[in-house]
Amino acid sequence: MVGEGRVKPIRLAMIGAGIYARDAHRPALLRLRDRFEVVAVCARSLASADALAAQIGDDVERCTDMAALLARDDIEAVDILLPIAVQPPVVAQALATGKHVISEKPVAPDVAAAQALIAAYAPRPGQVWMVAENWRYEEAYERAAALVRDGAIGQVRSVHFVYFVNMRPGNKYYASTWRRAGDFQGGFLLDGGVHFVAAMRMIAGEITAVAAHAAQLTPDLPPADLLTASLQFANGALGAYLTCYAAATPWDAPGRPSGQAQGRAPPRIIEKILFWPLLEHQPLGRHHGERQCNERERGLHGDDGRHCRRVAAHLPRQGVGRGSSGRRAVDCLLYTSPSPRDRTRS
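Residues numbered from 1 in each chain as written. Predicted model: local features only at pLDDT ≥ 70, side-chain atom pairs only at ≥ 80, totals over all residues. Heavy atoms only, no water.

**Student:** For this particular structure, what's the right way to read a nonpolar patch on the surface?
**Tutor:** A grouping of Val 128, Met 130 and Tyr 137 is seen on the molecular surface, where their side chains present a nonpolar patch of about 310 Å² in accessible area. Secondary-structure assignment places Val 128 in the loop between helix H5 (111–121) and strand E6 (129–132). (Patch = residues over 30% accessible without salt bridge, like charges linked within 9 Å, V, L, I, M, F, W, Y side chains within 5 Å. Areas by Shrake-Rupley, 256 points an atom, 1.4 Å probe, with all protein chains shown as cover. Salt bridge = Lys/Arg side-chain N within 4 Å of Asp/Glu carboxyl O. Helix = DSSP H or I, 4+ residues; strand = E, 2+ residues; numbered from the N terminus.)

**Student:** How should I be thinking about the sheet that holds strand E2 (residues 36–42) in this particular structure?
**Tutor:** Strand-to-strand pairing in sheets goes through backbone hydrogen bonds, with the strands running parallel or antiparallel. Taken in spatial order, the six strands line up as E3-E2-E1-E4-E5-E6 in an open sheet, and their pairing is parallel. In the strand order of this sheet, the two ends are held by strand E3 (61–63) and E6, each with one partner. Averaged over neighbouring strand pairs, the angle between their axes works out to 20° when direction is ignored. Pairing geometry for E2 and E3, over three bridges, is parallel. Paired with Val 41 across the strands is Arg 62, a residue of E3. Sitting on the sheet, helix H4 (residues 87–96) touches strand E1 (10–15), strand E4 (77–80), strand E5 (100–104) and E6, and the angle it makes with E5 is about 170°. (Pairing = 2+ DSSP bridges. Axes fitted to C-alpha atoms, helices over the stretch in contact; angles between N-to-C directions. Contact = heavy atoms within 4.5 Å.)

**Student:** Got a minute to help me understand the nonpolar core in this structure?
**Tutor:** The tendency in soluble globular proteins is for nonpolar side chains to be buried as a group. Grouped together as the largest cluster of nonpolar side chains are 32 residues, with contacts concentrated most on Tyr 141, Phe 161, Met 167, Phe 196, Tyr 241 and Tyr 245. Listed by contribution, the elements that provide at least two residues to this core are helix H6 (139–149), strand E7 (156–164), helix H7 (188–204) and strand E9 (226–233). (Core = buried A, V, L, I, M, F, W, Y, C linked by side-chain atoms within 4.5 Å. Buried < 20%, exposed > 50% of the residue type's maximum accessible area, 1.4 Å probe, protein only.)

**Student:** What should I look at first to understand the packing of aromatic side chains in this one?
**Tutor:** Geometry of an aromatic ring pair is reported as the spacing of the ring centres plus the angle between the planes. A full pass over the atoms with the stated rule returns 10 aromatic pairs. The interplanar angle of 80° and the centroid separation of 5.6 Å between the aromatic rings of Tyr 121 and Trp 129 together place this pair among those described as edge-to-face. Taking the relative accessible area as the measure of exposure, Tyr 121 reaches 23% and is therefore partly exposed. Residue classification places Trp 129 among the buried residues on the basis of a relative accessible area of 13%. Pairwise contacts between aromatic rings join Trp 135, Tyr 141, Phe 161, Tyr 163, Phe 188, Phe 196, Tyr 241 and Tyr 245 into one cluster. For the cation-ring pair, Arg 180 lies above Tyr 174, with the distance from its terminal atom to the ring centre recorded as 3.8 Å. (Phe/Tyr/Trp six-rings, centres within 6.5 Å; stacked < 30°, edge-to-face > 60°. Lys NZ or Arg CZ within 6 Å of the ring centre and 35° of its normal.)

**Student:** Looking at this structure, how should I read the pairing of E2?
**Tutor:** In summary, the side chains of a regular strand alternate between the two faces of the sheet. Counting buried positions along E2 gives five out of seven residues, so the element sits mostly inside the fold. As judged from the six bridges shared by E1 and E2, these two strands associate in the parallel manner. Each bridged residue has a counterpart across the sheet, and for Met 14 the counterpart in E2 is Val 41. Of the crossover connections in this fold, the one passing from E2 over helix H2 (residues 46–54) to the parallel E3 is right-handed. (Right-handed = clockwise from strand over helix to strand, strands pointing away.)

**Student:** Could you clarify how one ought to interpret unusual backbone geometry in this entry?
**Tutor:** One can expect most non-glycine residues to show negative phi and most peptide bonds to be in trans. Note that the residue after Lys 105, namely Pro 106, is joined by a cis bond; omega there is -10°. Tracing the backbone shows Pro 106 in the loop between E5 and H5. Following Pro 222, the chain continues to Pro 223 via a peptide bond in cis, the omega torsion being -5°. Residue position: Pro 223 is located in the loop between strand E8 (207–215) and E9.

**Student:** Got a minute to help me understand the layout of surface pockets in this structure?
**Tutor:** In this approach the atoms are scanned with a rolling probe the size of a water molecule, which exposes any empty space left behind. Looking at the second largest pocket, its volume works out to about 970 Å³. Taken together, 32 residues make up the lining of the second largest pocket; nearest its centre are Pro 106, Leu 190, Gly 193, Val 194 and Val 197. Every element with two or more residues in the lining of the second largest pocket is listed here: H5, H7, E8 and E9. Take the lining of the second largest pocket: its biggest share by element is seven residues, from H7. Of the residues contributing to the lining of the second largest pocket, the split by class is 22 nonpolar, four polar and six charged. (1 Å grid on protein atoms, 1.4 Å probe; cavity = no way out; pocket = protein on both sides within 12 Å on 5 of 7 lines; lining within 4 Å. Points joined across faces, edges and corners; volume = space filled by probe spheres on them. Nonpolar A, V, L, I, M, F, W, Y, C, P; charged D, E, K, R; others polar.)

These figures come from the coordinates and say nothing about function on their own.
Rendered as structure tokens:
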């Protein structure tokens, strides 16, 4: 026992020592020392394992033999942070040894591999396997989901989600070659898209039908870097989803994105973004991110008693996004019917 009423921390090993292991999982695990004890780091090279382990503690073991690590009885859980194309067999091996598992998203590089993993996990109710989808724990999205769930903005009729980023050399994720190899289905659209879909499902509910088109605008972001999709939700709402990893602007502000390819003058992709400026620097308080249409928006959508209300997040993330601010441009727009409170006011 660590103290009266407290159990010993879970003994955990990290498998993989890349960008996200270093920049996200390591600091999170260090903040949770009362719950987890990182006892080993396993990587393809001993140098990589050494580099990560040194940032955790002097007593952390380093190794490259994953099979030997998984066979150890003194390790209760593993945190698997490998390129997604090679991760499913490792997750399966870890589950087979009886260990608890947290693994990076997405579950697998394709649906068949994901379904096989889920089927392998199904008969193991005593084990915990969690896919590390962190956007489901973003405070802005949790608050947005609560507003929708509580009926504070009425019944959701339409969902609009837009994400643009300039994925160019200098971005730390651009340097991860497996995301740009061309054989990873979807490339950045899949790697990042699971976040966006998780947020939409969390806020607006399950998605039941999808029709989409994809394109590759820049030669160094295969197999595709632009996606537009039409969505149908289980609650009857309709949605529009647009994401582009070839978006760049010469100024540091949400604005008109353009693609940049191999140093040439960037071709214009979109003349105007068809959504309104993001809500910035607002504290998460009552009805954060919620507002009624302004006069211009009512002119576009009609003043028939319905309201246009926005749940938006402008999330500060160092090194991710456009320009020097490192901010993501994310806009999630919900069109709703009036809530009971609105009807009372009218």
